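Structural features, examined
Okay, here's what each chain looks like letter by letter:
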Amino acid sequence: MEPMDTPSNDPTDERAARQEWRHAHDRTSDLQAAGNPTDPTMVPPVATADAEPAGTQAAPPAASTATPAAAQPTERIAKSMTEHPAHVPNPSDLVLAIRGLRVAFSGNEILHGVDIDAPRGAVVALVGPSGCGKTTLLRSINRLTELAPTASINGEIQLDGQNVYDRGTDLNLLRRRIGMVFQQPNPFPMTIFDNVAFAMREQAKTRPSRSSLMPAVQDVLQRAGLWDEVKDNLDRNALSLSGGQQQRLCIARTLAANPEVILMDEPCSALDPRSTARIEELIIQLAGSLTVVIVTHNLAQAKRIGDYAAYLLNGDVIEQGLARKVFEDPDQQSTRDFVSGMFG
Amino acid sequence: MPTRLSDRVGVATAYAAGGVLIIAVTVIMSWLVWQGIGTISWDFLTTGPAPGSLEQGVAGGILPALVGTLIVIIFGMLVAIPLGLGVAIFLTEYRQPSWLAKGTDTAIDLIFGVPSVVFALFGLAIFSQGWLAWLSNPVGDAGMATAQSFFCASLMMALIGLPPVVRSSQAAIIGVPNQQREASYALGKGRLTTIRRIVVPGARPGIATGIVLGIGRIAGDTAIVWILLGGAVLQSPPDGWYLPWNLVDFLRSEGSTLTTYIYFSSPAGEGNSPGPAYGAAFVLMVVILFVNIALIRLSRRKIGKR
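Note that this is a predicted model, so its numbers are computed, not measured.

**Remarks on the domain arrangement of chain B**
Residue and element names in this part refer to chain B.
- Split by domain assignment, chain B resolves into domain 1 (1-39) and domain 2 (45-305).
- A straight line from the C-alpha centre of domain 1 to that of domain 2 covers 30 Å.
- The interface is formed by 8 residues belonging to domain 1 together with 7 residues belonging to domain 2.
- Taken together, both faces of the contact between domain 1 and domain 2 bury some 670 Å²; the carbon and sulfur share is 84%.

**Details of the interface of chain B and chain A**
- Chain B puts 19 residues into the contact, and the matching count from chain A is 29 residues.
- Note on chain B versus chain A: buried area summed over both sides is about 2,200 Å², and carbon and sulfur give 58% of it.
- Three residues stand out in chain B for area buried against chain A, namely B:L187, B:R197 and B:I303, and they jointly supply 30% of the buried area on that side.
- The interface formed by chain B and chain A contains 1 salt bridge.
- At the level of elements, α7 (178-186) and α8 (191-202) of chain B are the ones that each hand at least two residues to the side of chain B that touches chain A.
- Residue contributions to the side of chain B that touches chain A peak at 7 residues, all from α7(B).
- Residue composition of the side of chain B that touches chain A, by class: 6 nonpolar, 7 polar and 6 charged.

**Brief notes about the nonpolar core**
- If you look at the biggest cluster of nonpolar residues, it comprises 93 residues, and the most contacted ones within it are A:L96, A:L126, A:L137, A:V196, A:L221, A:V293 and A:F327.
- With 6 residues, strand β9 (residues 308-313) of chain A is the single largest residue contributor to this core.
- Core analysis: the second largest hydrophobic core is formed by 61 residues, B:A88, B:L135, B:I173 and B:A281 among them.

What counts and what doesn't
Residues numbered from 1 in each chain as written. Chains lettered and ligands numbered in written order. Predicted model: local features only at pLDDT ≥ 70, side-chain atom pairs only at ≥ 80, totals over all residues. Heavy atoms only, no water. Domains from an automatic or database assignment. Contact = heavy atoms within 4.5 Å. Buried area = accessible area lost by both parts, 1.4 Å probe. Salt bridge = Lys/Arg side-chain N within 4 Å of Asp/Glu carboxyl O. Helix = DSSP H or I, 4+ residues; strand = E, 2+ residues; numbered from the N terminus. Nonpolar A, V, L, I, M, F, W, Y, C, P; charged D, E, K, R; others polar. Core = buried A, V, L, I, M, F, W, Y, C linked by side-chain atoms within 4.5 Å. Buried < 20%, exposed > 50% of the residue type's maximum accessible area, 1.4 Å probe, protein only.

Right under this line is the structure:
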């Protein structure tokens, strides 16, 4: 377990810092937007540090804005709404609601009935010690778990109120709506362009031409913050990129399928700190226009980027809610031990 | 240099094994080149054997045998490559139902292990059936077929070319990282698209190796040629055999390959003219070498520009 990067335990300092970071990003995207009015990197405006002085409680958002089909938030999330800051996405508008998820491999149960909420546009961080089932949980959302023939999956995962395990689910469409970025950067051994265009090329009779795909390829590479580095080398082998660039390419490749949710499985664990920072920036930029569910081993990272957090231990959700609450004032002793670095 | 005695012995043995192999190959190759290269001439490559003169050691050329070798390679592999790749994909990506997968595995091992003369004999029994006369030529009114033609030989050649294609492709497909398959699935691509666009391209070098090994087996086989292509070493192909509209007739006719030519004209065979035998062996070696290099090069195609 690596030490937390903020020795100070003062919550106000950290929150202010976090919001300052967000604020900085808003300005960057504002600048970009000024140059190009249709720039897709523009994220919806959020409250800034100035607008919400640290310590002030924002008004709770109206619960009635929830999609009628969507599942009701879990009790804990609902409770946390009373202290819900305005810049954090609305917890009652759930894009993903996991209910009673049980996953077993060859009869060995890894997840024992997990409930998780992912509010639309939020960054949801899943934390917990190794082997607690975080990755299995993540892979169950886009139904990769069932690639293992020994897996048995029970429970519900609702995407916009629709259970992804329903019989009629179009698996390929589901996986386009819920993208995934893996732990190891895994670009295909193709050119950079072909990697990004992979999801766009359908099994149609006529393959879309390169020039017709180019605007979309440029768009997602820009959103992934990679365009400036690769725009002159789109025909180079993707494997010639650095690890951090490869991971951003994988994010671009995922964005090309136009997902509503992106699952990230420790996307920075194979990267150096600099590349990690870039990916974190990118995640914060992407959140809002889509939802990010990220598994991370790095508590500091979960604190930096998470709007919501869930702490898993041995296949159970011990605690979940606003990331600030989970990390700074957890209800459970076990969570307290984990976030203070006593184990993990 | 390792210090322990056992290590030193091990290293020395490894060096020796490599050295012996290199020496053996060098000796064989240079012997072939030394003996064979004198025979090589434009006439040798572009004319047929001269019947009657073979006994005197003036054998004419090897054109029909060279063409015969290329034909059984091409038509044999035309069947063996798609079939072998299909089997390899089934055995690696699907393996369902498992009894079929296990049965296929055993069958491939059997085909790999059984000498080709056994299959040739079986082919003779099958292809001589009257209703298969379109593959070769009918024998009078007996309702039988000669069972000796390029078609018959190529079909059996496909069988012996198949196992290396399957095994090599299988290993290569298993070697494609699972991460890549998962990445493709996670992008909403189905199994077939993933196989077609990710798995097979990723396994290309291994598949090429399998094809090369298969070609080697076909080019080197003699039993199938004797039994299913006929010992027509001295027979020149019909006039105009190379014209496209004569292709089917030509493929239904008997012929020879470099291996049967080599046997026939070697001192062990009836021809007894070692010079042309070495010449043909040299040509066979060059053909195989050329095909190997070309295929391996093609399969290692660079991705994108530098």
